[in-house]
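# Examination of the molecular architecture
For reference, the chains in residue letters:
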Amino acid sequence: MAELRFPDGFLWGTATASYQVEGAVREDGRGESIWDRFSHTPGKTFEGQTGDVACDHYHRYPEDVEHMARMGMNAYRFSVAWPRIFPEGKGPVNQKGLDFYRRLVDALQGRHIQPCLTLYHWDLPQALQEKGGWDNRDTGRYFAEYAHTLYQALGDRVPLWITLNEPWVAAILGHAFGQHAPGFGDFPLAMRVVHHLLLAHGWAVEAFRHDGPRRAQIGITLNLSPVEPATGKEADGQAADLADRFTNRLFLDPIFRGAYPELPDLMRSALPQATPEEMERISTPVDFLGVNYYTRQVVEADPQGLYGVGMVPARGDLTEMGWEVYPQGLYDLLIRVHREYHPQAVYVTENGAAFADEIQDGEVDDPRRIAYVREHLSRAHAAIGAGVPLKGYFYWSLMDNFEWAFGYSKRFGLLYVVPGSLERVWKRSARWYAQVAQANAVPL
Ligand SMILES: N#[N+]C[C@@H]1[C@@H](O)[C@H](O)[C@@H](O)[C@@H]2O[C@H]12
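What comes next is a walk through the structure.

Rules and cut-offs
- Residues numbered from 1 in each chain as written.
- Predicted model: local features only at pLDDT ≥ 70, side-chain atom pairs only at ≥ 80, totals over all residues.
- Heavy atoms only, no water.
- Pairing = 2+ DSSP bridges.
- Helix = DSSP H or I, 4+ residues; strand = E, 2+ residues; numbered from the N terminus.
- Axes fitted to C-alpha atoms, helices over the stretch in contact; angles between N-to-C directions.
- Contact = heavy atoms within 4.5 Å.
- Phe/Tyr/Trp six-rings, centres within 6.5 Å; stacked < 30°, edge-to-face > 60°.
- Lys NZ or Arg CZ within 6 Å of the ring centre and 35° of its normal.
- Near = heavy atom within 4 Å.
- Polar contact = N/O pair within 3.5 Å; in protein donor to acceptor, adjacent residues only side chain to side chain.
- Areas by Shrake-Rupley, 256 points an atom, 1.4 Å probe, with all protein chains shown as cover.
- Nonpolar A, V, L, I, M, F, W, Y, C, P; charged D, E, K, R; others polar.
- Buried < 20%, exposed > 50% of the residue type's maximum accessible area, 1.4 Å probe, protein only.

### Focus on the sheet that holds strand β10 (residues 309–311)
- Taken in spatial order, the 3 strands make up an open sheet running β7-β9-β10, and their pairing is mixed. Sheet topology places β7 (227–229) and β10 at the edges, where each strand pairs with a single neighbour. Within the sheet, the average angular offset between the axes of one strand and its neighbour, ignoring direction, is 60 degrees.
- Note: β7 against strand β9 (residues 297–306), 3 bridges, orientation parallel. By the bridge assignment for β9, Pro-229 is matched with Val-299.
- On the sheet, helix α10 (residues 234–257) packs against β7, β9 and β10 and is oriented at approximately 100 degrees with respect to β9.

What follows is the structure, given as structure tokens:
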């Protein structure tokens, strides 16, 4: 059978995030997070749904690890809930919180699954939000202390460490558009948060270099997407360039080039005046870049749009999120970041799709998700062939979970989670992905 073989040692995993899967939000000393507060605020999430129980991964993780092992996964990307470790964001460590993640890492290692740990996937301790949150530079210092605590506790048992997940989303959706926690609609605030998140990243990498685990690696995960002009008109091209600067380059440039990209005056003036020392800190070298890829952006010049940029509505093969299925964008993106930013290594830390999955007689047939993953993996394989140092792929997500403001209405998982019982049911895509992982090859 024709197949695309991946390099030996390629990581095949799935990804989740603490607030989206764990539940147990009041258990074993966990403090409140900004997502607890946001999801319990009327009108913020689909039907007022919250992550209070989510997938109950906090208690069911042994079963979930067994599912991963049966799939033949050799890696698992998860995030640590900062409020489980420091209920108030700083101060005394909550030992029971640390113990949970020690048990999870033990279970993964027991099944030869490499842990890939994300330090921050948006669930900031509410106590820090009440001191200004990411608008307060001190939060970045507390983040570095939190990171250092985990380096000491889990060390080399975790080979891959990610400082931040999608800081653009945390900053912009959470502070400019109000669609995510903490729910502000203040663009200058959002730009200060961009800078403070980058500083937090730099301080955490420095702490890692100073006395973190010796044999492990650290990186950051960015949400990236190719930006294309709707037409060949110069104005649309300029709009695409600006959208690229405001989304992709806003983080890629500081981290890999030590400087922000050129931005429109209004946008630039909202960024704090960064000192050379701060930019050096932010661009402390990382071992890898995590890429979260879902779709491309098509934009046009639009005087009514943000900074004159209008998003062209996606057309064609759409997911339940309304995103265009565009596998070629993964290839284009991987080639671009490789050629322009030269990361030592790259992982696809998230790629996946929500479709209208239905369970019938205990079966979930999801051919569109199989096609989605097969097409994206074929582009990933081509990128490797073109020289991109791609070392692994994490499907988003292991299981259906709390999709932020969409609640449980969007199903991304390979495992179908039955409402109420929370029973996990393998979708057909789970069996297909298991074959890929076990063969280290994609069947064509
Ligand atoms: N939406 N969507 C799915 C997925 C979300 O569930 C993750 O938490 C984020 O890291 C990223 O946005 C991608």
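### Concerning the packing of aromatic side chains
- Overall, the coordinates contain 40 aromatic pairs when judged by the stated rule.
- Between Phe-6 and Phe-10 the ring centres are 4.8 Å apart and the planes differ by 50 degrees, which places this aromatic pair in the tilted class.
- Taken together, the ring pairs in this structure connect Tyr-19, Trp-35, Phe-38, Trp-122, Phe-402, Trp-404 and Tyr-408 into an aromatic cluster.
- Directly above the aromatic system of Tyr-142 lies the positively charged group of Lys-90, at a separation of 5.4 Å from the ring centroid.
- Here the guanidinium or amino end of Arg-296 rests over the ring plane of Tyr-326, the centre of that ring lying 3.8 Å away.

### Here we look at the site of the ligand
- The environment of the ligand is made up of 14 residues, and the closest members are Gln-20, His-121, Glu-350, Glu-403 and Trp-404.
- Interatomic distance of 2.7 Å between a side-chain N/O atom of Gln-20 and an oxygen atom of the ligand.
- At a separation of 2.7 Å, an oxygen atom of the ligand approaches a polar side-chain atom of Glu-350.
- Considering the ligand on its own, with 320 Å² of exposed area, one finds that the protein chains cover 94% of that surface.
- Counted by class, the shell around the ligand contains 7 nonpolar, 4 polar and 3 charged residues.

### Section: unusual backbone geometry
- Geometrically, the link from Ala-181 to Pro-182 is a cis peptide bond, its omega value of 5 degrees lying close to zero.
- Relative to the helices and strands, Pro-182 is located in the loop between α8 (167–175) and α9 (187–211).
- Residues Trp-396 and Ser-397 are joined by a peptide bond in cis, for which omega reads 15 degrees.
- Although it is not a glycine, Ala-54 sits at a positive phi angle of roughly 50 degrees.
- Within the element layout of this structure, Ala-54 appears in the loop between α2 (34–39) and α3 (57–71).
- Accessibility expressed as a relative area gives 7% for Ala-54, which makes it buried.
- For Tyr-307, which is not glycine, the phi dihedral falls at a positive 55 degrees.
- Mapping Tyr-307 onto the fold places it in the loop between β9 and β10.

### Comments concerning the side chain of Ser-378
- Along the chain, Ser-378 turns up in helix α14 (residues 367–385).
- In terms of polar contacts, Ser-378 uses its side chain to reach the backbone carbonyl oxygen of Glu-375, at 2.7 Å.

### Details of the pairing of strand β5 (residues 160–165)
- Most of β5 sits inside the fold, with 6 of its 6 residues counted as buried.
- In terms of strand pairing, strand β4 (residues 114–120) meets β5 through 4 bridges, oriented parallel. Each bridged residue has a counterpart across the sheet, and for Leu-117 the counterpart in β5 is Trp-161.
- The pairing of β5 with strand β6 (residues 217–223) spans 4 bridges and is classified as parallel. When the bridges of β6 are listed, Asn-165 appears paired with Thr-221.

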